[in-house]
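# Commentary on secondary and tertiary structure
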Amino acid sequence: MKLKNLSNKTIAIIKIVMFLLALIPLAKLGWLAYQDDLGANPIEKITRTTGYWTLTFLMITLAATPLKKLTGWSWLIRLRRMLGLFAFFYAALHFSTYLVLDQFFDWDSIIKDIAKRPYITVGFPAFLLLIPLAVTSTDDMIRLLGGKRWKLLHRSVYFCAIGGVIHYWWLVKKDLTNPITFALILALLLGFRLFYWLGSIRKQKLSAQLATLS
Amino acid sequence: MKNYKAKPIATSEITPKELFYGRREFIQLAGGLSLAAILPKSVWAIDKLANVKKSSYTVAEELTPYKDVTSYNNFYEFGTGKENPAENAGSLKTRPWTVAVEGEVKKPKIFDIDELLKLAPLEERVYRLRCVEAWSMVVPWVGYSLAELIKRVEPTGNAKYVEFISLHDPEQMPGQKSSVLEWPYREGLRLDEAMHPLTLLAVGLYGEALPNQNGAPIRVVIPWKYGFKSAKSIVKIRFVEKPPVTSWMQAGPGEYGFYSNVNPEVDHARWSQAKERRIGEFFKRKTLMFNGYADDVGQLYAGMDLKKDF
């Protein structure tokens, strides 16, 4: 089997497997809740878990493009939408946990949180920004917006990821191991893009110079 | 402010731990009894504390279940996750154990833990515990006022503050292999705070010796301050003239002050302290000034700006 070009059927199977794997964190939470085994502070546990998997799926989604460029496996891009939607799915669960379980629609306190708590000030817009990306994830929307505009819009996922990592960093009391790990991975993923982009600019300039020389 | 001392919890209202864990104990009973018949008393009776009398320093609030009190802990010496202490504290050896009491005292002394257990009558006190992370518990501690110990060593006129130093041994405390805090863990109180009858030198909870993850074999409990002020697994108590710099003050000078009194009006630099989630409850409750102990300790801070001296 050639890894560069997979048949549609193989990709469909990969997608099904990935879909099921992506549901494991939720299934595990559900199982623990059913067993009454979420620990002494179940709401905190659910909030932490859904937040952790939001960031993890954001990182996996952002890894698709660099991996494709490094390996030449273009089918990786066809997995990206599902991964991105799972990031949104866990983010929505994370936010709902905060809204319903943690605050129980205490709008006064929520507004105060957003205004006064830096980690929520940065986390809330990062979540909001994911909504238009999820809404415009369909083929029809890509057509409607046009490839260029769509791409530009979806680049804002970089800000969601940066905001998400800062959100985590700022809420941790002292042990920064996890936030630092996410920050390093994100720096690598965004650094790759920057490096690649700078390289392509240089190439363009070079070919422009060559053109004027000839 | 509700006077919490007015109605000590009726003994009949507390589900004894034996009943609470009745089923499990019943199952274990047969095996336990046969073991007890073989082993000397000192081995199997080591965890039960004898002659504990109920104290009037007790809040009439529902106790946090033993399981939660002993499985949801902040004790970075055993890792930074809440479940880490229960998982990792098995490596802590609580015998032999001594506590050196030194500094500005007339009678410095190294106390053996078994001597400290008998220094004063043991009392059970049900205290609220409010963590700086905005969750809380209600814990039936066993111990006696720290003042009992302090009186015996006779602080000099220069003793203005008391510093508590916890065990530093990365072999026993694997979390100390990480430099998440500066070890050993250090905490401190003003002498009048340390002398206050509410300040408890605790050796047990739920009628038994302190589980390792809760700060065995000896710790302090200062119920009107955030939990981290209540140093665990203490090996040294030092009387000093200048305010000691604590581990958390070093970790975040803008976030953790020397006093760290529970105060719903003074927020943590990054989150609100107005409310708390009582472990086991769904809705958050309002945090009380000095964790509900304002009538007892308010006068210690008369005239102080609690926003500045947080």
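The model shown is predicted, which means the values in this text are computed figures rather than measured ones. (Residues numbered from 1 in each chain as written. Chains lettered and ligands numbered in written order. Predicted model: local features only at pLDDT ≥ 70, side-chain atom pairs only at ≥ 80, totals over all residues.)

This paragraph deals with the overall build of chain A. Per the secondary structure count, chain A includes 10 helices and zero strands. Reading chain A from its N terminus to its C terminus gives the helix and strand order α-α-α-α-α-α-α-α-α-α. Once the C-alpha set of chain A is aligned to its principal axes, its extents read approximately 70 × 45 × 35 Å. Long-range contacts, defined here as pairs at least 24 residues apart, represent 67% of the contacts in chain A between residues at least 6 apart. (Helix = DSSP H or I, 4+ residues; strand = E, 2+ residues; numbered from the N terminus. Contact = placed C-beta atoms within 7 Å.)

Turning our eyes to something else, we now look at the interface of chain A and chain B. With 11 residues of chain A at the contact, the number on the chain B side is 14 residues. When grouped by side-chain class, the residues that make up the side of chain A that touches chain B number five nonpolar, two polar and four charged. (Nonpolar A, V, L, I, M, F, W, Y, C, P; charged D, E, K, R; others polar.)

Right, let's talk about the packing of helix α9 (residues 157-171) of chain A against helix α10 (residues 177-213) of chain A for a bit. Residues and elements named next belong to chain A. One way to put it is that α9 packs onto α10 with a least axis distance of 9 Å and a crossing angle of 160°. Between α9 and α10, the angle is such that the two are roughly antiparallel. Every pair of crossing elements has a handedness; the one defined by α9 and α10 is left-handed. Each of Y158, A161, I162, V165, Y168 and W169 in α9 lies in contact with α10, whose residues at this interface are N178, P179, F182, A183, L186 and L190. (Axes fitted to C-alpha atoms, helices over the stretch in contact; angles between N-to-C directions. Parallel < 35°, antiparallel > 145°, perpendicular 65-115°, else oblique. Left-handed = near helix turned anticlockwise from the far one by under 90°.)

Along the chain, R95 of chain B connects to P96 of chain B via a cis peptide bond; the corresponding omega equals -10°. Examined against the element boundaries, P96 of chain B turns out to sit in the loop between α5 (84-88) and β2 (98-103). In this structure, the amide linkage connecting W183 of chain B to the following residue, P184 of chain B, adopts the cis form with an omega of -5°. You can see P184 of chain B is positioned in the loop between β6 (161-166) and β7 (186-190). Backbone geometry at F104 of chain A places phi at a positive 45°, although glycine is not the residue there. Mapping F104 of chain A onto the fold places it in the loop between α4 (77-102) and α5 (107-116). Classification of F104 of chain A by C-beta neighbours within 10 Å gives exposed; the count is 12. In the Ramachandran plot, F290 of chain B falls in the positive-phi region, its phi being about 50° despite a non-glycine side chain. (Buried ≥ 20, exposed ≤ 12 C-beta atoms within 10 Å, placed from the backbone.)

Residues and elements named next belong to chain B. Strand order in the open sheet formed by five strands is β3-β2-β11-β6-β7, and the pairing between neighbours is mixed. This sheet does not close on itself; its edge strands, each paired only once, are β3 (109-112) and β7. Between one strand and the next, the sheet's axes are offset by a mean angle of 20°, whatever the strand orientation. Where β2 meets β3, four bridges bridge the pair, whose relative direction is antiparallel. The partner of V101 across the bridge, within β3, is K109. (Pairing = 2+ DSSP bridges.)

What follows concerns the packing of α4 of chain A against helix α6 (residues 118-135) of chain A. All names here are of chain A. Orientation of α4 relative to α6, taken along the N-to-C sense of each, is 140°, at an axis distance of 10 Å. By the angle between their axes, α4 is oblique relative to α6. Along this stretch, α4 crosses α6, giving a crossing that reads as left-handed. The segment α4 lies against α6, with G84, L85, F88, A91 and F95 engaging F127, L130, L133 and A134.

Ranked by internal contacts, the top residues of the largest apolar core, which has 71 residues, are V139, W141, L201, A202, V220 and I234 of chain B. Core analysis: the second largest hydrophobic core is formed by 27 residues, L76, L93, A126 and F182 of chain A among them. (Core = buried A, V, L, I, M, F, W, Y, C linked by C-beta atoms within 7 Å.)

Residue and element names in this part refer to chain B. Counting buried positions along β7 yields four of five residues, so the element is predominantly enclosed. Bridge count for β6 against β7 is five bridges, and the pairing is antiparallel. Bridging across to β7, V162 finds its partner in L189.

This part covers the environment of Y226 of chain B. Residues and elements named next belong to chain B. Position of Y226 among the secondary structure elements: in the loop between β10 (219-221) and β11 (234-240). A residue is classified by how many C-beta atoms lie within 10 Å of it, and Y226, with 24 of them, is buried. Linking Y226 and A50, residues 176 residues apart in sequence, is a C-alpha distance of 29 Å.

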